[in-house]
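Examining the three-dimensional arrangement
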Amino acid sequence: MQHAIRMLVILDGCGEPVAQGDPVGCVAVIRAELRLQALDFWLRNPDYLAGELLTMVEDGSLPRGEFLKVVEELLENREPDLHWYPMPRWHHGAYEAIDDAFSVLSAYGLAQVRRLGGIQKTARSQFFLTDAGRAAVAGLRREPVLSWYTEQVKLVALVAGCDVGSKLKKRQYQQAEYARTKLGTNITPIHAGVRDRLEVVKEASDASASAEGES
């Protein structure tokens, strides 16, 4: 059920608008499983998400004053098991089968999966959020515990932007711990490394602010 909830909020928070020819009654879509898996990895690994946000702060894509605090909260808040869930690494990076999660969502009319391709061409899956699915996410926002997902996915969407799945996976592989994880085992956390980077950035920011105050 946790996996189904993550898929639901990812479709709502990171999906693109549907287009002509898409299923009737759907409002958003993610058109490749590779992108969906990459988004799920960040949603269930706050340390990796914090690392991406910190990189964006360092290169000037995000304001330091606001997002250094966000990064610190991601690292320091003790996420209960409901919010942190490790993901195994396979040949194309972080991956976990999603069929069961989408079976649950489809059974309640919250999402649909459309598979493209035929016998001689590898099938490609597209994942759709329905009107009912969007209403369900609106209900999650009002739940004291489950609203965590709807807030966290905003940060995932910010980090991912419009990048295709292969580009997101490439960014994730740039983390040495991720790349070195043995196939079939859970991807190694990077909490300590991100914390060290954060302290360096904070010290530099404090020094810069102090210098500006003295000038």
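It should be noted that the structure appears before, not after, this text.
Description of the structure in this document. (Residues numbered from 1 in each chain as written. Predicted model: local features only at pLDDT ≥ 70, side-chain atom pairs only at ≥ 80, totals over all residues. Heavy atoms only, no water.)

1. Examining the overall build of the chain
A tally of helices and strands in the chain yields 10 helices and six strands. Relative to a compact globule of 215 residues, whose C-alpha radius of gyration would be 17 Å, the chain shows 19 Å and is just as compact. Taking the principal axes of the C-alpha coordinates as reference, the chain spans close to 65 × 40 × 35 Å. Across the 215 residues in the chain, those meeting the buried criterion constitute 44%. Here the chain displays about 11,400 Å² of accessible surface, and carbon together with sulfur accounts for 54% of that area. Of the charged side chains in the chain, 25 are positive and 29 negative; the average position of the first set lies 7 Å away from that of the second. (Helix = DSSP H or I, 4+ residues; strand = E, 2+ residues; numbered from the N terminus. Rg over C-alpha atoms; globule rule 2.2 N^0.38 Å. Buried < 20%, exposed > 50% of the residue type's maximum accessible area, 1.4 Å probe, protein only. Areas by Shrake-Rupley, 256 points an atom, 1.4 Å probe, with all protein chains shown as cover. Lys, Arg positive; Asp, Glu negative; His and termini not counted. Charge placed at Lys NZ, Arg CZ, Asp CG, Glu CD.)

2. Section: the packing of helix α3 (residues 46-58) against helix α7 (residues 147-160)
Two packed helices can be described by the angle between their axes and the distance between those axes. For the pair α3 and α7, the least separation of the axes is 10 Å and the interaxial angle reads 50°. By the criterion of interaxial angle, the relationship of α3 to α7 is oblique. The chirality of how α3 crosses α7 is left-handed. Along its contact with α3, which presents P46, L49, E52, L53 and M56, the element α7 presents Q152, L155, V156, L158 and V159. Across the contact of α3 with α7, the residue classes break down as eight nonpolar, one polar and one charged. (Axes fitted to C-alpha atoms, helices over the stretch in contact; angles between N-to-C directions. Parallel < 35°, antiparallel > 145°, perpendicular 65-115°, else oblique. Left-handed = near helix turned anticlockwise from the far one by under 90°. Contact = heavy atoms within 4.5 Å. Nonpolar A, V, L, I, M, F, W, Y, C, P; charged D, E, K, R; others polar.)

3. A few points about the nonpolar core
Core analysis: the largest hydrophobic core is formed by 56 residues, its most contacted members being I10, W42, L53 and F102. At eight residues, helix α1 (residues 2-14) tops the list of elements feeding residues into this core. (Core = buried A, V, L, I, M, F, W, Y, C linked by side-chain atoms within 4.5 Å.)

4. Some remarks on the packing of aromatic side chains
Applying the stated rule across the entire model yields six aromatic pairs. Clustering of aromatic rings is evident, with ring pairs tying together F41, Y48, Y173 and Y178. (Phe/Tyr/Trp six-rings, centres within 6.5 Å; stacked < 30°, edge-to-face > 60°.)

5. Description of the environment of W90
Within the secondary structure, W90 is located in strand β3 (residues 89-90). For W90, a relative accessible area of 39% gives the class partly exposed. For the pair W90 and N186, spaced 96 residues apart in sequence, the C-alpha to C-alpha distance is 9.6 Å. In this structure, W90 is in contact with Y95, Y173, L183 and G184, ignoring residues within four places of it in sequence.

6. With respect to the packing of α1 against α7
At a closest axis distance of 9 Å, the pairing of α1 and α7 adopts a crossing angle of 50°. Considered as vectors, α1 and α7 are oriented oblique to each other. Taken as a pair, α1 and α7 cross one another with a handedness that is right-handed. Where α1 approaches α7, its residues Q2, I5, R6, V9, I10, G13 and C14 are matched on the opposing element by Y149, T150, V153, V156 and A157. Grouping the constituent residues of the contact of α1 with α7 by class yields eight nonpolar, three polar and one charged.

7. Topic: α3
The end-to-end C-alpha distance of α3 is 18 Å, a good match for the 18 Å that 13 residues give at a rise of 1.5 Å each. Judged by how many residues are buried, α3 sits mostly within the fold: 11 of 13 residues are covered. By the burial criterion, the buried members of α3 are P46, D47, Y48, L49, A50, G51, E52, L53, L54, M56 and V57. The first or second residue beyond α3 is G60, which carries a positive phi of 85°. (Expected span 1.5 Å × (residues − 1).)

8. Quick word on the side chain of D22
Checked against the element boundaries, D22 lands in the loop between β1 (16-17) and β2 (26-30). Engagement of the side chain of D22 in a polar contact is seen with the backbone nitrogen of A19, the distance being 2.7 Å. Polar contacts involving the side chain of D22 include one to the side chain of R31, which spans 2.6 Å. In this structure, D22 is in contact with R31, R114, Q126 and F128, ignoring residues within four places of it in sequence. (Polar contact = N/O pair within 3.5 Å; in protein donor to acceptor, adjacent residues only side chain to side chain.)

Everything listed here is a matter of geometry and, on its own, says nothing about what the molecule does.
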